[in-house]
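# Commentary on secondary and tertiary structure
Spelled out from the first residue to the last, the chains are:
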Amino acid sequence: MKLLTAQQLAEADKVTLLKQNISSEELMERVSMLVFNKIHERLGGAPVPIKIFCGIGNNGGDGLAIARHMIQHGYQVKVYITNCSKHRSEDFLTHYDKIKNVTKDWPTLLDCKDDIPVINGGDIVIDAIFGIGLNRPIDGWMADLIKQINESKAFIVSIDMPSGLYADTAQPADSAVVRASHTFTFNNPKLSFFLPDTGVFAGSFEVIDIGLDPEFVNNTEPIATLITNQAAQAIYKPRTKFSHKGDYGHTLVMAGSKGKIGAAVLSASAAINTGSGKVTAYVPSCGNNILQTSVPEVMTLTDAGSEHFEGFDVELDNYNLCVGPGIGTGDAVVSAFAKAIKQQSAPVVIDADGINILSANKKLIKDVPESSVLTPHDGELERLLGKWSSGMERLELAKTFSSKHNLILVLKGAHTITVSGTNMYINDSGNAGMATAGSGDVLSGVISSLISQKYEPLMAAVFGVYIHGAAGDLAAQTYAHEGLKAGIISNFVGPAILQLFRNDTAQRA
Ligand SMILES: NC(=O)C1=CN([C@@H]2O[C@H](COP(=O)(O)OP(=O)(O)OC[C@H]3O[C@@H](n4cnc5c(N)ncnc54)[C@H](OP(=O)(O)O)[C@@H]3O)[C@@H](O)[C@H]2O)[C@@H](O)CC1
Ligand SMILES: Nc1ncnc2c1ncn2[C@@H]1O[C@H](COP(=O)(O)OP(=O)(O)O)[C@@H](O)[C@H]1O
Ligand SMILES: [K+]
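Residues numbered from 1 in each chain as written. Chains lettered and ligands numbered in written order. Predicted model: local features only at pLDDT ≥ 70, side-chain atom pairs only at ≥ 80, totals over all residues.

An unreviewed UniProt entry lists the protein chain under the name Bifunctional NAD(P)H-hydrate repair enzyme, from Nonlabens marinus S1-08. Reading the Subunit (unreviewed entry) entry of the UniProt record for the protein chain gives the comment "Homotetramer." (UniProt positions renumbered as here; feature names shortened; annotations may be inferred.)

## Quick look at the site of ligand 2
Inspection of the region around ligand 2 gives 18 residues, with His377, Gly430, Ala432, Ala435 and Gly440 positioned closest. Sort the elements by how many residues they give to the shell around ligand 2 and helix α14 (residues 439-452) lands first, with 4 residues. Tallied by class, residues from the shell around ligand 2 come to 7 nonpolar, 9 polar and 2 charged. (Near = placed C-beta within 6 Å. Helix = DSSP H or I, 4+ residues; strand = E, 2+ residues; numbered from the N terminus. Nonpolar A, V, L, I, M, F, W, Y, C, P; charged D, E, K, R; others polar.)

## Some words on the environment of glycine 203
For glycine 203, the position within the fold is in the loop between β7 (182-186) and β8 (204-208). Looking at glycine 203, the number of C-beta atoms within 10 Å reads 18, which means it is partly exposed. When the C-alpha atoms of glycine 203 and threonine 183 are compared, they prove to be 6.6 Å apart, with 20 residues separating the residues in sequence. Not counting residues up to four positions away in its chain, the partners in contact with glycine 203 are Ala180, Ser181, His182 and Thr183. (Buried ≥ 20, exposed ≤ 12 C-beta atoms within 10 Å, placed from the backbone. Contact = placed C-beta atoms within 7 Å.)

## Brief notes about the sheet that holds β8
Taken in spatial order, the 7 strands make up an open sheet running β4-β3-β2-β5-β6-β7-β8, and their pairing is parallel. Two strands lie at the open edges of the sheet, namely β4 (108-110) and β8, each paired on one side alone. Strand after strand, the sheet turns through a mean of 20° between neighbouring axes, direction not considered. Note that strand β5 (residues 124-128) and strand β6 (residues 155-159) share 4 bridges and pair parallel. In the sheet register, isoleucine 124 faces β6, and the bridge partner there is phenylalanine 155. Running over the sheet, helix α3 (residues 58-72) touches β2 (50-54), β3 (77-82), β5 and β6 and is turned about 155° from β2. (Pairing = 2+ DSSP bridges. Axes fitted to C-alpha atoms, helices over the stretch in contact; angles between N-to-C directions.)

## So, the site of ligand 1
For ligand 1, the set of nearby residues contains 31 residues, the closest of which are Asp13, Gly57, Asn58, Gly131 and Gly133. Listing elements by their share of the shell around ligand 1, those giving two or more residues are α1 (6-20), α2 (24-43) and α3. In terms of residues, the shell around ligand 1 owes the most to one element, α3, which gives 4 residues. Split into classes, the residues belonging to the shell around ligand 1 amount to 15 nonpolar, 12 polar and 4 charged.

## Focus on the packing of α3 against helix α4 (residues 90-99)
Relative to each other, α3 and α4 sit at 20°, their axes nearing to 8 Å. On the basis of their axis angle, the class for α3 and α4 is roughly parallel. At the point where α3 passes α4, the crossing takes the left-handed sense. In this structure, α3 uses Asn58, Gly60, Gly61, Leu64, Ala65, Ala67 and Arg68 to contact α4, whose residues at the interface are Asp91, Phe92, His95, Tyr96, Lys98 and Ile99. Split by residue class, the contact of α3 with α4 holds 6 nonpolar, 4 polar and 3 charged. (Parallel < 35°, antiparallel > 145°, perpendicular 65-115°, else oblique. Left-handed = near helix turned anticlockwise from the far one by under 90°.)

## Examining the pairing of strand β12 (residues 299-303)
Two elements, strand β11 (residues 278-284) and β12, share 5 bridges in a ladder whose sense is parallel. Looking across to β12, one finds that valine 283 is bridged to threonine 302. For the handedness criterion, the β-α-β arrangement of β11, helix α9 (residues 288-294) and β12 is classed as right-handed. (Right-handed = clockwise from strand over helix to strand, strands pointing away.)

## Looking at the sheet that holds β11
Judged by pairing direction, the sheet is mixed, and its 11 strands sit side by side in the order β1-β9-β18-β17-β16-β15-β14-β13-β10-β11-β12 without closing on themselves. Each end of this open sheet is capped by a strand with a single partner; those strands are β1 (2-3) and β12. The pairing of strand β15 (residues 373-374) with strand β16 (residues 408-411) spans 2 bridges and is parallel. Bridge pairing links valine 373 to isoleucine 408 in β16.

## Some points on the nonpolar core
Counting 153 residues, the largest nonpolar core has Ile52, Val253, Ala264, Ala268 and Ala281 as its most contacted members. When we break this core down by domain, the ones giving at least three residues each are domain 1 (2-221) and domain 2 (232-500). Setting aside residues up to four positions removed in sequence, alanine 281 forms contacts with Val253, Ala255, Ala264, Ala268, Leu291, Val298 and Thr300. (Core = buried A, V, L, I, M, F, W, Y, C linked by C-beta atoms within 7 Å. Domains from an automatic or database assignment.)

## Some thoughts on helix α8 (residues 261-273)
Here α8 is 13 residues long and its end C-alpha atoms lie 18 Å apart, about the 18 Å a rise of 1.5 Å per residue gives. Among the 13 residues of α8, 13 are classified as buried, and the element is accordingly described as predominantly covered. Immediately downstream of α8, the backbone of glycine 275 shows phi near 110°, a positive value. (Expected span 1.5 Å × (residues − 1).)

## Quick look at α14
Here α14 is 14 residues long and its end C-alpha atoms lie 20 Å apart, about the 20 Å a rise of 1.5 Å per residue gives. Among the 14 residues that make up α14, 14 are buried, leaving the element largely enclosed by the rest of the structure. With its phi angle positive at about 75°, lysine 454 sits one or two positions after the end of α14.

## Focus: the UniProt feature "domain: YjeF N-terminal" (unreviewed entry) in the protein chain
Sequence positions flagged by UniProt for "domain: YjeF N-terminal" (unreviewed entry) are, in local numbering, residues 9-218. In residues 9-218, the share of helix is 35% and the share of strand is 16%. The end C-alpha atoms are 13 Å apart.

## With respect to the domain arrangement of the protein chain
Along its sequence, the protein chain is organised into domain 1 (2-221) and domain 2 (232-500). Each of domain 1 and domain 2 was reduced to a C-alpha centroid, and the two centroids are 42 Å apart. Facing the 8 residues of domain 1 at the interface are 8 residues of domain 2. Across the side of domain 1 that touches domain 2, the residue classes break down as 4 nonpolar, 3 polar and 1 charged.

## Describing the packing of α2 against α4
At a minimum axis distance of 10 Å, the contact between α2 and α4 shows a crossing angle of 65°. Note on packing geometry: the crossing formed by α2 with α4 is right-handed. Where α2 approaches α4, its residues Ser24, Glu25 and Met28 are matched on the opposing element by Asp91, Thr94 and His95. Across the contact of α2 with α4, the residue classes tally to 1 nonpolar, 3 polar and 2 charged.

Shown next, in the form of structure tokens:
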């Protein structure tokens, strides 16, 4: 799914009116009816007090139209208008007039802090104050209103966007934003919904297809692409009948040190579970017996170092390299790592301490083969790129790094974002049960396995991240979030690939 920006959506709105030869009033009627139906489906006419807060732009217009439908269906609705500007959009005014035809209880204008009504925990609040037209942080008495809404314990439904949230630019620190329980968002979720510092405001969200002009949407370069089950299906490469293990590559996992041989076990076993024809784990010698007994399908090569890497003497021609999990960052390891990446010309996967070594030895970055995939969590990312002040700035830093070095960055998190140059792919699978030691080691094995199987590195990263999350989702159905551990996620990679073709949407836990 393409994620369009607020500006692109406003443009799509205009093009749609022209192409479909409809008025903006008609489009707003369409949109508000779609949202009303969703709410009505859930509430089924329940006599719960509903307070609808409307701004004076088109988001407020949507709120008024939804309010009108609710009043006509007998809901207990009270409408408030945040009278924050002398400007009013035309569609706001149209729907302001229309609501007066269905109720004698006309909207109440709010002008200052004293006007803010009491909001009870048992109320439902519909937030239609600002949507994609927000152009400055909310301040003054409006910020008090937002605070009161957030502190009320009411169930909060935001229309299109939580009011106060920016769709695709950096959120000013400490700005007032509605913290929605649920957001009905139009055409596509906004980029800010997926970032750790701002995503929390959208709550659960649901996309409403409001019928924007498909040609405009198809021809518009999105700010990011959301990778759903359908998108992952399109990347998957089925096997051919007469193929043999030589067709599916040989992954060399260089990982582990004393006390962290588990990282090598997890990464190498994930590579075999994801279908690499052959997998060899290259480990310090203390890891040999552990690997051979715990994963018999994986071959081993041992380094001269017994507890950590002391050199690198493998001929890499026939391998795809995955390097970094649990290797440590001592001087001997740095030299071994440097030798490995210098020798390899095909794209590699670099994770964990491999990334930490690059951060501490920036001159090594030029030796990393083009289109290699780096899989940092935020701690590793900060060491690599420096601090950021917002989720949006984190993405900008990542795009600059990726473009400059021609490398792919997989920014791990609740919604992992794969960055390749200026393109971003947001993952829509996975769950908080995956916040467990070693799940990142599994991901490195999954992605390198796909590269060995001749997926383009970018597609290997995007598809690998999706399948890894989907495996976590499937596993959580049996083990719960708490019972998930890295090895279990790895064992569910196969079932997750099967599941891709069973459902049109991922089974999220
Ligand atoms: N294509 C689509 O997706 C479709 C979108 N639709 C709907 O339209 C919505 C967008 O409507 P919109 O453009 O009128 O903007 P909106 O969010 O109502 O706010 C603008 C008003 O707020 C004001 N203002 C801004 N910031 C402020 C602040 N901090 N503090 C105070 N005031 C502030 C600003 O005032 P001004 O800057 O002029 O003072 C202006 O008057 C969208 O989210 C969706 O709900 C559908 O109906 C149809 C298809
Ligand atoms: N809340 C979450 N929702 C979805 N996925 C998550 C969540 N927390 C962690 N993950 C995933 O789990 C993995 C954790 O990786 P990482 O932090 O490197 O673990 P480790 O270093 O222990 O191997 C990443 O792929 C990340 O996207
Ligand atoms: K809103």
